[in-house]
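# Structural overview for review
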Amino acid sequence: RTLALGADICNAARSMMFALGCIQALRCNSNDCPTGITTQKPELSSSLDVDHKSLRVYNFQKATVHAAKELLGAAGLRSGQDVTPSHIFYRVEGRSVRLMEDGKSTSYFHRPKAGSLLTDEGISAQRSPQLGRWWVEGGKKYNSTKRGDGYLAL
C-alpha cells in the first residue's frame, strides 16, 4: 500500500525480528532481552547464535522478496514502482471492498509529484512547524551524504 501511495521503500521490522528469534518479551529498551537480540549484556547476548540466526534471516528475506515478486507478477507488474492506487483495495466497515482509486479516496491519498518532497514545495506543504524543521534537517543530512547515484553513503 505504501508503494502505491508514493513511497520509495517499505520496511517491515516485526516479521524480521521473528525470523531472528524475537519472542516479544517487550523488554527491548531495558537491556534485558531474554533472546539476546536487543541487549548488550554478555550473559544474555551469548544465547544469540549468529550463524544460525543469520541463515534464518537470509531465508526469510529471500522468501519475502520471492512472494513480493509473485504478487507483482500476478498483478501484471514488473516492479514495485509500477504499483499505483488502482492496484490497492481496502475494506470499508468490514462489509464491502473498494478500490483505493475510486474517486472518493484519491483526494485523501494524494500522490505527490516526483521529487516534490526534496524541494521547498515539500516543506511548505507541512502543517507542523516542528515537522518542517525536521524536514529541513533531514534534507541537509540527505544532501550531505548523497553519493550521486541516488543512494546514501552513511
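Just so you know, these numbers come straight off a predicted model, no measurement behind them.

## With respect to the pairing of strand 1 (residues 89–92)
In regular strands, side chains alternate between the two faces of the sheet. Taken together, the four bridges between strand 1 and strand 2 (residues 96–99) define a ladder with antiparallel strand orientation. For phenylalanine 89, the partnering residue across the bridge sits in strand 2 and is leucine 99. Counting the residues between successive antiparallel strands, the hairpin from strand 1 to strand 2 contains three residues, one of them, glutamate 93, with a positive phi of roughly 55 degrees.

## Description of unusual backbone geometry
Outside of glycine, negative phi angles account for most residues, and trans bonds account for most peptide bonds. The phi dihedral of glutamine 24 falls on the positive side, at around 55 degrees, and the residue is not glycine. You can see glutamine 24 is positioned in the loop between helix 1 (13–20) and helix 2 (42–45). Judged by relative accessible area, glutamine 24 falls into the partly exposed class, the value being 40%. In this model, leucine 26 sits at a positive phi of 60 degrees, which is unusual for a non-glycine residue. Mapped onto the elements of the fold, leucine 26 is located in the loop between helix 1 and helix 2.

## Observations regarding the confidence of the model for the protein
Across the protein, the average pLDDT comes to 77, with 67% of residues at or above 70. Per-element averaging of pLDDT across the protein places helix 4 (residues 120–124) at the bottom with 58 and helix 3 (residues 50–74) at the top with 91. This stretch, residues 105–109, has a pLDDT under 50; its non-local contacts, to residues over four places away or in other chains, come to eight contacts.

## Quick word on empty space enclosed by the protein
Scanning the entire structure with this criterion turns up one cavity of 30 Å³ or more. Met17, Cys22, Ile23, Gln24, Ala25, Leu26, Arg27, Cys28, Cys33, Thr35 and Thr38 are the residues that line the largest cavity.

## Brief notes about the state of the cysteines
Here is the idea: a disulfide is a covalent bond, and it sits between the sulfur atoms of two cysteines. Applying the stated criterion across every chain, the model contains zero disulfides. Looking at the unpaired cysteine 28, the closest cysteine sulfur is the one in cysteine 22, lying at 5.7 Å. Classification of cysteine 28 by relative accessible area gives partly exposed; the value is 46%. Counting only cysteine sulfurs, cysteine 28 is the nearest neighbor of cysteine 33, a cysteine outside any disulfide, at a range of 6.2 Å.

About the cut-offs
Residues numbered from 1 in each chain as written. Predicted model: local features only at pLDDT ≥ 70, side-chain atom pairs only at ≥ 80, totals over all residues. Heavy atoms only, no water. Pairing = 2+ DSSP bridges. Helix = DSSP H or I, 4+ residues; strand = E, 2+ residues; numbered from the N terminus. Buried < 20%, exposed > 50% of the residue type's maximum accessible area, 1.4 Å probe, protein only. pLDDT = per-residue confidence, 0-100. Contact = heavy atoms within 4.5 Å. 1 Å grid on protein atoms, 1.4 Å probe; cavity = no way out; pocket = protein on both sides within 12 Å on 5 of 7 lines; lining within 4 Å. Points joined across faces, edges and corners; volume = space filled by probe spheres on them. Disulfide = S-S within 2.5 Å.

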